[in-house]
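Structure at a glance
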Amino acid sequence: MPYVIAGLVLVGAVALLNLVLLMVILRRWQELEVVRRRDDFAAQGPQPGDGLPDFTATALSGRTLNQDDFRSGELLLGVFSHDCPSCTDSLPDFADRADRARAAGGRVLALVIGAEAGDSSLTAQLVGPADEVVPEPEASPLFRALRVPAFPTILSYQDGVVAAPAAGREPVSAAS
């Protein structure tokens, strides 16, 4: 009988050790998957040298915007989703970059994606930091033309050409 108990304790200890090792491996795998996705996002989106796509959009101000309005000078373009927690978290960083872009003579445009983008609190919070805020449905031609792989995405354009793409904090897939 003592051998049976000792055997059961040994099997239980090995099973517990196996479970702990499995959890460690799965956690590390998840961390690596996040890094891989982030690298994939950066590779799928706009790249330095890509031009500003042709578009026409109506801003909250009622002004009709098109690509010709932004072909010269510096443009900071932030693309956000109306229901993305990472987008809300990135607002202070976007506002700082917007201030620097304006100080250098640039303009700031914010694009908020989603069916309820026009009525979202995120859209309201972007009105100050951005010169123009454009709420658009996810199926809009502008959103598709920008090829934004993650939210938030902040792009710096110089004379209508991407100078530096930068995904925000923890990117959230634009496909979700």
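As a reminder, the structure under discussion sits directly above these lines.
All values reported here derive from a predicted model rather than from experimental measurement.

Turning next to the pairing of strand β4 (residues 107-113). Most of β4 is tucked away: six of the seven residues are buried. Here strand β3 (residues 74-81) runs beside β4; their pairing, made up of seven bridges, is parallel. In the sheet register, serine 81 faces β4, and the bridge partner there is isoleucine 113. Pairing between β4 and strand β5 (residues 132-136): five bridges, direction parallel. By the bridge assignment, leucine 111 is partnered in β5 with valine 134. In this fold, β4 hands off to helix α4 (residues 121-126), which returns the chain to β5; that crossover is right-handed.

Moving on, we get to a nonpolar patch on the surface. Residues Leu16, Leu19, Val20, Leu22, Met23, Val24, Leu26 and Trp29 make up a contiguous nonpolar surface patch of about 800 Å² in total accessible area. Note that valine 20 resides in helix α1 (residues 2-44). Under the relative-accessibility criterion, valine 20 is labelled partly exposed at 45%.

This paragraph deals with unusual backbone geometry. Although it is not a glycine, arginine 147 sits at a positive phi angle of roughly 55°. With respect to the helices, strands and loops of the structure, arginine 147 is situated in the loop between α5 (141-146) and β6 (150-158). Owing to a relative accessible area of 41%, arginine 147 belongs among the partly exposed residues under this scheme. A positive phi angle, close to 55°, is found at aspartate 159, a residue other than glycine. Along the chain, aspartate 159 turns up in the loop between β6 and β7 (161-173). Given the relative accessible area of 47%, aspartate 159 is considered partly exposed.

Rules used in this analysis
Residues numbered from 1 in each chain as written. Predicted model: local features only at pLDDT ≥ 70, side-chain atom pairs only at ≥ 80, totals over all residues. Heavy atoms only, no water. Buried < 20%, exposed > 50% of the residue type's maximum accessible area, 1.4 Å probe, protein only. Helix = DSSP H or I, 4+ residues; strand = E, 2+ residues; numbered from the N terminus. Pairing = 2+ DSSP bridges. Right-handed = clockwise from strand over helix to strand, strands pointing away. Patch = residues over 30% accessible without salt bridge, like charges linked within 9 Å, V, L, I, M, F, W, Y side chains within 5 Å. Areas by Shrake-Rupley, 256 points an atom, 1.4 Å probe, with all protein chains shown as cover. Salt bridge = Lys/Arg side-chain N within 4 Å of Asp/Glu carboxyl O.

Note that every value here comes from positions in space, so none of it alone points to a role or purpose.
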